[in-house]
Amino acid sequence: MGTLLIRPPGHRRDVALRPAATAMVWVGEGHPHETIAVPGVALGDRDVLVAVELSTICGSDVHTVQGRRAAPTPLVLGHESVGRVIALGDAGADAVDGTPLRIGDRVVWSVTVSCGTCDRCRRGLTQKCRDLGKYGHDRVGVHGDLTGAFASHVQLRAGTAIARVPESLPAAVLAPAGCATATAWAAVARAARDLDLEGAAVRVHGAGLVGLTAAAIAVEQGAVVEVRDPDAARRAVAARFGATALERDPDVVIEASGHAVGEALAGVAVGGTVVLVGSVFPATPVAFDAEAVVRGLVTVTGVHNYTADDLAAAVGFLAGRGRAYPFADAVGAVRSLHDLDAALAEAGAPGAPLRVAVAPGR
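Rules and cut-offs
Residues numbered from 1 in each chain as written. Predicted model: local features only at pLDDT ≥ 70, side-chain atom pairs only at ≥ 80, totals over all residues. Heavy atoms only, no water. Helix = DSSP H or I, 4+ residues; strand = E, 2+ residues; numbered from the N terminus. Expected span 1.5 Å × (residues − 1). Buried < 20%, exposed > 50% of the residue type's maximum accessible area, 1.4 Å probe, protein only. UniProt positions renumbered as here; feature names shortened; annotations may be inferred. Pairing = 2+ DSSP bridges. Axes fitted to C-alpha atoms, helices over the stretch in contact; angles between N-to-C directions. Contact = heavy atoms within 4.5 Å. Phe/Tyr/Trp six-rings, centres within 6.5 Å; stacked < 30°, edge-to-face > 60°. Core = buried A, V, L, I, M, F, W, Y, C linked by side-chain atoms within 4.5 Å.

S.K.: How should I be thinking about helix H4 (residues 180–192) in this particular structure?
M.R.: Turn by turn, an α-helix covers 3.6 residues, leaving residues three or four places apart pointing in a common direction. Taking 1.5 Å per residue as the helical rise, H4 with its 13 residues ought to reach 18 Å, and the 18 Å between its terminal C-alpha atoms agrees with that figure. Burial analysis of H4 places eleven of its 13 residues in the buried class, the great majority of the element. Taken residue by residue, H4 has Ala 180, Thr 181, Ala 182, Thr 183, Ala 184, Trp 185, Ala 186, Ala 187, Val 188, Arg 190 and Ala 191 as its buried positions.

S.K.: Can you walk me through the UniProt feature "domain: Alcohol dehydrogenase-like N-terminal" (unreviewed entry) in the chain in this structure?
M.R.: With numbering matched to this structure, UniProt assigns "domain: Alcohol dehydrogenase-like N-terminal" (unreviewed entry) to residues 44–161. In residues 44–161, helix accounts for 9% and strand for 30%; the two terminal C-alpha atoms are 16 Å from one another.

S.K.: Teacher, can you tell me more about the sheet that holds strand S10 (residues 224–228) here?
M.R.: Spatial strand order, S10-S9-S11-S12-S13: five strands in an open sheet with parallel pairing. The sheet is open, and its two edges are formed by S10 and strand S13 (299–303), each paired on a single side. Averaged over all neighbouring strand pairs, the angle between strand axes comes to 20°, with direction disregarded. Two strands pair when backbone bridges link them, and strand S12 (residues 273–277) and S13 are joined in this way by five bridges, in the parallel orientation. Within S13, the position partnered with Thr 273 by the bridge is Thr 299. The strands touched by H4 within the sheet are strand S11 (252–255), S12 and S13, with S13 carrying the most contacts at an inclination of about 155°. Most of the contacts of helix H5 (residues 209–220) go to S10, to which it runs at about 170°, and overall it touches strand S9 (201–205), S10, S11 and S12.

S.K.: Which parts of the structure should I look at to understand the packing of aromatic side chains?
M.R.: The relative placement of two aromatic rings is captured by the distance of their centres and the angle of their planes. Tallying each qualifying case throughout the model produces five aromatic pairs. Residues Phe 241 and Phe 327 carry aromatic rings whose centres are separated by 5.2 Å and whose planes lie at 75° to one another, so their mutual orientation is edge-to-face. Remark: Phe 327 occurs in the loop between helix H9 (308–319) and strand S14 (331–336) and Phe 241 occurs in the loop between helix H6 (232–239) and S11; sequence separation between them is 86 residues. For the residue pair Phe 241 and Phe 327, the accessibility class agrees, reading buried in each case. Ring geometry for Tyr 325 against Phe 327: centres 6.4 Å apart, planes inclined by 65°, an arrangement best described as edge-to-face. Taken individually, Tyr 325 and Phe 327 each receive the classification buried, so the pair is uniform in this respect. By way of ring pairs, the aromatic residues Trp 185, Phe 241, Phe 317, Tyr 325 and Phe 327 are connected into one cluster.

S.K.: Any chance you could explain the environment of Val 202 here in plain terms?
M.R.: Note on placement: Val 202 falls in strand S9. Remark: the alpha-carbon pair of Val 202 and Ile 254, spanning 52 residues in sequence, is separated by 7.6 Å. Ignoring any residue separated from it by four or fewer positions in sequence, one finds Val 202 in contact with Leu 197, Ala 223, Val 224, Val 225, Glu 226, Leu 246, Pro 250, Val 252 and Ile 254.

S.K.: Is there a simple way to explain the nonpolar core in this structure?
M.R.: The tendency in soluble globular proteins is for nonpolar side chains to be buried side by side. Ranked by internal contacts, the top residues of the largest apolar core, which has 60 residues, are Val 108 and Ile 254. Those residues in contact with Val 108 that lie beyond four places of it in its chain are Ser 81, Val 82, Ala 161, Ile 162, Ala 163, Val 165, Leu 174, Ala 177, Leu 311 and Val 315. Met 24, Ile 57, Val 356 and Val 358 belong to the second largest nonpolar core, which has 16 residues in total.

If you want it as structure tokens, here you go:
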């Protein structure tokens, strides 16, 4: 298929790609992905072109192709990825640590693109920017074809948080950093704003990758963590991420399943905090017992996506104390990029591994 591209305003530098980049384009529910060749890109002054090493399939990708989540088409899905910088715009770009990016840097990046100047960005709510862009969520067109991770390359725009990652860490560990890991870090960090987690009791609902990662992060911050999930196999995996049993009501509940909101609200201790992680929704609406929340002095808060600081901290965790946990085992299968439809079906099947990955050139 082909797409009508509108060249964005401003200075651009044309970069030819030989061989041409490949992107897998989703055209709607019930249709297979279509493969397109992208022979070149027009880089803005602070854009970064990345060659993808590995991408993992997030639950939201599965929800989209199953028709459970609205999305514009045509669309290149995918937003959990690790890759290597192969070209920079004329003004260059900085990593989240403030140092200039270089050709050859191995990187992960945020799912969101933020302007940095609107009222929400100035408040630190960059993931809710007034002019928000999202990799794997925006229709191809004005920003080119390489707008999602299910491709051989991704064109990262100015306003993207980009973090260097160690060469020593497996791609299977790093690819989810731009969604699952950073979201889990943001959820635990939000809970830690209300309570020192050292010695705290934390309950996590959902033993998906976000929930397991949140458990490991909380354990490393000194909490005793319990993970609840209806799947016995997933509960067994949770033990490898530091989960155990609680002997008292939890001070913090992190709802990372999308299916236990009512249980999370009902189960927190007096004065506790409930963190609802929006990346796992859509969830079934639940009744809200306002009186119980008021009388229990309960804080209920939501976390959706994350900030550049969360991404940097998540990468730091994976590169440091996170090495003690089996994150590499989360990817149960790696498929060819051209087998994307089969990989998505595998990721959405009962008993699926925590992540299925796709790799260009495999």
